[in-house]
Protein chains: 2
Amino acid sequence: MATGIDEFDLIRSCFARLSSGEPGALDLRDDAAWLRPEAGMELVVSADAIVAGVHFPDTIDPADIARRALRVNLSDIAAKGARPRAYTLSLVLPQTVGLDWVEAFAASLGDEQREFGVTLLGGDTTGTPGPLTININIFGEISENSMITRSGASAGEDVYVSGSIGDAMLGLAVLKGDLTVENGDDRAFLERRFLRPDPRVTTGPALVGVASAAADVSDGLVADLGHICSASNLAARVDLEAVPLSETARGTVTDDQPLRINLLTGGDDYEIVFTAPVSARDSIELISSETDVAISRIGIMTEKTSGAPEVVVLDGSGNPVEVGVGGFRHFEEENAR
Amino acid sequence: MATGIDEFDLIRSCFARLSSGEPGALDLRDDAAWLRPEAGMELVVSADAIVAGVHFPDTIDPADIARRALRVNLSDIAAKGARPRAYTLSLVLPQTVGLDWVEAFAASLGDEQREFGVTLLGGDTTGTPGPLTININIFGEISENSMITRSGASAGEDVYVSGSIGDAMLGLAVLKGDLTVENGDDRAFLERRFLRPDPRVTTGPALVGVASAAADVSDGLVADLGHICSASNLAARVDLEAVPLSETARGTVTDDQPLRINLLTGGDDYEIVFTAPVSARDSIELISSETDVAISRIGIMTEKTSGAPEVVVLDGSGNPVEVGVGGFRHFEEENAR
């Protein structure tokens, strides 16, 4: 961080207020915090490190960085069925970052906390000669023994995904200058879907007891469904036509089938991909309408076939289409390896 | 991380085995973990980010980096009275790091886990164009409402510190080539005290109900006692002659009083500085002998005097000596700002 910024001043001026509501945070005046789940509940914990220039373009502003950092973590625990409670933040700051930046970052976190009902529990701030790196550990609460894992799927179950897929990949391409979208509203929508993912914090908890396995879509729909397949020792078939695209994404990819397929591997969607028995179809429709989030049935879980890919995507004629490895690795490889 | 290393392979080959014993870690096959304190207990959480070249010289080997990273975190929760349980690890790896490095790092973590009874709960691995950055969130367990905070001290109470102070600062100076120590055993002892701090994992929990306030000595004895003073709205007087030095440190600083004073501000000691009422003197002697860790009474808590420093250090004649700001900031300023 810039010369003259003191860690303790930063905590007092920017971050201490973000801890109010979590008594164990002790106003960030201690070097540790205490945390006790409510009676009958347990914690769901997820850890995430994001690096400027690797996980997001280093041109985006501190308010958007804060928003995105917290939301991708909220998405992790929402997909497990947990309700957000608290988080720790370790902020590794390059010299180019000044007090203004940190103030804007913290103010944005404050807005997000109010929106999602989550509180800063503790953290750490330090300098680095490298890029901005943000580490969040997020803590959700869930009834004991209720976390929706990746490993609970059975063959014959339906595969679902919330919201729409591919917007964030297109939004990132716009932000990086790799894709031109003429219509201003469409451009803003796609960028927003990358910068401000919508963690499914009400839909996820509603899926407890209904979904058999779930994951959030961060690496790409195909990759994250693949994680469910691996953990459940199964495979999956996905119907390309059933994968939900926003109107904007549909208008952007038009008839470019390879690009359309890429949306399934692009990642950063922060939707929930999950499986459920056929008997749960009505319940899932109800959850969709009650939480006001679209949920699309996109495929089916199958037994593994040796030599075949875990996730097979079929086009409108039922023929398998070629999908790349996809996911975050593309962007990361370009930038960090 | 180096081209060709895959995050998922790394998890399977190096880290998954470190999660055994913590059922909520789900063999690191999920994107989140569950964690439930034992009945009547709560969690103590501490987050720490350390950066190569900032918090440790980037020449030290992966086994030592792993050891130090975990131990400094164990120290944080030990000073709060908690027993270690689990931790998350977010590893941000530069391109120069290959599979060998990660294997050595993980093997060393395994040794440390066995020594301290702590288990890997989850984490994240990603690449960076910057330096190696390690983020640990550590989780301890403690009886409900028992965490020893910084804010519980009262005027008139004794100030204590465990172990010896200043060895790590001298060890770091040796490692950086800023200090020459002729005797090989002394040199090895000092380096070891920097590279392998001894978190006071049995002494800390024994202090629950005895110590009124505590902190671990990471920023320096004066700075960390200062944190207790701030949080407790008090000041402290420390008797320079009472601050415990190892025989090696004493031999190294000899009659160089400024250097001797520097030991009180150097940091990285990972001892526990704490306060306790005079009535607890016998209990503390017993805890020292039962946990086989020296505990020295080094001063007294006082009311604040406006304009005076929070922590006053007195020499053998009772005269205040000049102490710098001290702590980690020196090293960090040189390296990262």
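Computed from a prediction, not measured in an experiment: that's the story for all the values here.

### A closer look at the overall build of chain A
A tally of regular secondary structure across chain A gives 11 helices and 12 strands. For chain A, the spread of C-alpha atoms along the principal axes amounts to about 65 × 50 × 35 Å. When burial is assessed residue by residue, chain A has 64% of its 337 residues classed as buried. The contacts of chain A with a sequence gap of at least 6 include a subset with a gap of at least 24, amounting to 85%. Entry remark: accessible area of chain A is about 12,500 Å², with carbon and sulfur atoms responsible for 45%. In chain A, which carries 26 positive and 53 negative side-chain charges, the distance between the mean positions of the two groups comes to 2 Å.

### Describing the relation of the copies chain A and chain B
Expressed as a screw operation, the relation of chain A to chain B combines 0.0 Å of axial shift with a rotation of 180°, fitting to an RMSD of 0.0 Å. With respect to symmetry, the two chain copies, as superposed, fit the operation of a two-fold axis. Among all residues of chain A, the minimum C-alpha distance to the rotation axis is found for G130(A), at 2.0 Å. Both copies present the same face, since 100% of the interface residues in chain A are matched by interface residues at the equivalent positions in chain B.

### Some points on helix α2 (residues 62-78) of chain B
Residue and element names in this part refer to chain B. Here α2 is 17 residues long and its end C-alpha atoms lie 24 Å apart, about the 24 Å a rise of 1.5 Å per residue gives. Within α2, 17 of the 17 residues are buried, which leaves the element mostly enclosed by the surrounding structure. Two or three places before A63, at the opening of α2, D61 has a side-chain oxygen 3.1 Å from that residue's backbone nitrogen.

### Overview of the sheet that holds strand β8 (residues 235-239) of chain B
All names here are of chain B. With mixed pairing, the seven strands of this open sheet are ordered in space as β7-β9-β6-β10-β8-β11-β12. For this open sheet the edge positions go to β7 (213-216) and β12 (320-321), each flanked by a neighbour on one side alone. By the bridge criterion, two bridges tie strand β11 (residues 311-314) to β12 in an arrangement that is antiparallel. Paired with V313 across the strands is V321, a residue of β12.

### Examining empty space enclosed by the protein
Throughout the structure, instances matching the rule amount to one cavity of 30 Å³ or more. Computed from the structure, the largest cavity encloses a volume of approximately 30 Å³. Lining the largest cavity, in full, are V92(A), T128(A), G130(A), P131(A), T133(A), V92(B), T128(B), G130(B), P131(B) and T133(B). Looking at the lining of the largest cavity residue by residue, the class counts come to four nonpolar, six polar and no charged.

### Overview of the interface of chain A and chain B
Across the contact, 63 residues belong to chain A and 63 residues belong to chain B. When chain A packs against chain B, the two sides together hide about 5,100 Å² of surface, and 51% of this comes from carbon and sulfur. Between chain A and chain B we count eight salt bridges in total. The salt bridge partner of R150(A) is D31(B), with a shortest N-O separation of 3.9 Å. Taken together, the links from chain A to chain B amount to 25 residue pairs in polar contact (both at pLDDT 80 or more). Sort the elements by how many residues they give to the side of chain A that touches chain B and strand β2 (residues 41-51) of chain A lands first, with 10 residues.

### Description of the domain arrangement of chain A
Interfaces are frequently sized by the accessible area removed from exposure as the parts join. Residue and element names in this part refer to chain A. Split by domain assignment, chain A resolves into domain 1 (7-143) and domain 2 (158-336). On a C-alpha basis, the centres of domain 1 and domain 2 stand 26 Å from each other. If you look at the interface, domain 1 gives 23 residues, while domain 2 gives 23 residues. When the buried surface of domain 1 facing domain 2 is broken down by residue, V54, R68 and R71 rank first, second and third, together holding 26% of it. Run the count over domain 1 and domain 2 and you get three salt bridges. Between D198 and R71 there is a salt bridge, with its nearest N and O atoms 3.9 Å apart. For the pair domain 1 and domain 2, the interface holds five residue pairs in polar contact (both at pLDDT 80 or more). If you list the elements that add at least two residues to the side of domain 1 that touches domain 2, you get α2 (62-78) and β3 (83-94).

### What about helix α5 (residues 184-195) of chain A?
Residues and elements named next belong to chain A. For α5, spanning 12 residues, the distance from its first C-alpha to its last is 16 Å, which sits close to the expected 16 Å at 1.5 Å a residue. Among the residues making up α5, those that are buried are L190, R193, F194 and L195. Residues of α5 that are buried make contact with α2, α4 (167-175) and α8 (247-253). Of the residues that open α5, the one with a side-chain oxygen 2.8 Å from the backbone nitrogen of D185 is N183.

### A closer look at the packing of α4(A) against α5(A)
If you want to describe how two helices pack, look at the angle between their axes and the distance between the axes. All names here are of chain A. Where α4 contacts α5, the axes come no closer than 7 Å and their chain directions differ by 105°. When the axis of α4 is compared with that of α5, the two are roughly perpendicular. The segment α4 lies against α5, with D167, A168, L170, G171, L172, V174 and L175 engaging R187, F189, L190, E191, R193, F194 and L195. Residues of the contact of α4 with α5, tallied by class, amount to nine nonpolar, one polar and four charged.

### Topic: the packing of aromatic side chains
Taken as a whole and assessed by the stated rule, the structure comprises five aromatic pairs over all chains. Taken together, a centroid distance of 5.8 Å and an interplanar angle of 85° make the contact between F139(A) and F139(B) edge-to-face. Separated into two different chains, F139(A) in strand β5 (residues 133-143) and F139(B) in strand β5 (residues 133-143) make up a pair that spans both. Assigned by exposure class, F139(A) and F139(B) land together as buried.

### Points about the pairing of strand β10 (residues 295-302) of chain A
In regular strands, side chains alternate between the two faces of the sheet. Residues and elements named next belong to chain A. Counting buried positions over the eight residues of β10 gives six, a clear majority of the element. Pairing between strand β6 (residues 158-162) and β10: five bridges, direction antiparallel. Residue pairing for β10: D158 is matched across the bridge by I300. Judged from the four bridges that link them, strand β8 (residues 235-239) and β10 form a sheet pairing that is antiparallel. When the bridges of β10 are listed, A236 appears paired with M301.

### Digging into the environment of A107(A)
All names here are of chain A. The residue A107 is located in helix α3 (residues 99-116) in this model. Taking relative accessible area as the criterion, A107 reaches 41% and is therefore assigned partly exposed. Sequence spacing of A107 and F15 is 92 residues, and the spatial spacing of their C-alpha atoms is 8.9 Å.

### Quick word on the sheet that holds strand β1 (residues 33-35) of chain B
The five strands are arranged β4(A)-β3(A)-β5(A)-β2(A)-β1(B) in an open sheet whose pairing can be described as mixed. Two strands bound the open sheet, and with one partner strand each, they are β4 (119-128) of chain A together with β1 of chain B. In this sheet, neighbouring strand axes are inclined to one another by 20° on average, regardless of whether the strands run parallel or antiparallel. Across three bridges, β2(A) lies against β1(B) in antiparallel orientation.

The rules behind each value
- Residues numbered from 1 in each chain as written.
- Chains lettered and ligands numbered in written order.
- Predicted model: local features only at pLDDT ≥ 70, side-chain atom pairs only at ≥ 80, totals over all residues.
- Heavy atoms only, no water.
- Helix = DSSP H or I, 4+ residues; strand = E, 2+ residues; numbered from the N terminus.
- Buried < 20%, exposed > 50% of the residue type's maximum accessible area, 1.4 Å probe, protein only.
- Contact = heavy atoms within 4.5 Å.
- Areas by Shrake-Rupley, 256 points an atom, 1.4 Å probe, with all protein chains shown as cover.
- Lys, Arg positive; Asp, Glu negative; His and termini not counted.
- Charge placed at Lys NZ, Arg CZ, Asp CG, Glu CD.
- Least-squares fit on C-alpha atoms with pLDDT ≥ 70 in both.
- Expected span 1.5 Å × (residues − 1).
- Polar contact = N/O pair within 3.5 Å; in protein donor to acceptor, adjacent residues only side chain to side chain.
- Pairing = 2+ DSSP bridges.
- 1 Å grid on protein atoms, 1.4 Å probe; cavity = no way out; pocket = protein on both sides within 12 Å on 5 of 7 lines; lining within 4 Å.
- Points joined across faces, edges and corners; volume = space filled by probe spheres on them.
- Nonpolar A, V, L, I, M, F, W, Y, C, P; charged D, E, K, R; others polar.
- Buried area = accessible area lost by both parts, 1.4 Å probe.
- Salt bridge = Lys/Arg side-chain N within 4 Å of Asp/Glu carboxyl O.
- Domains from an automatic or database assignment.
- Axes fitted to C-alpha atoms, helices over the stretch in contact; angles between N-to-C directions.
- Parallel < 35°, antiparallel > 145°, perpendicular 65-115°, else oblique.
- Phe/Tyr/Trp six-rings, centres within 6.5 Å; stacked < 30°, edge-to-face > 60°.

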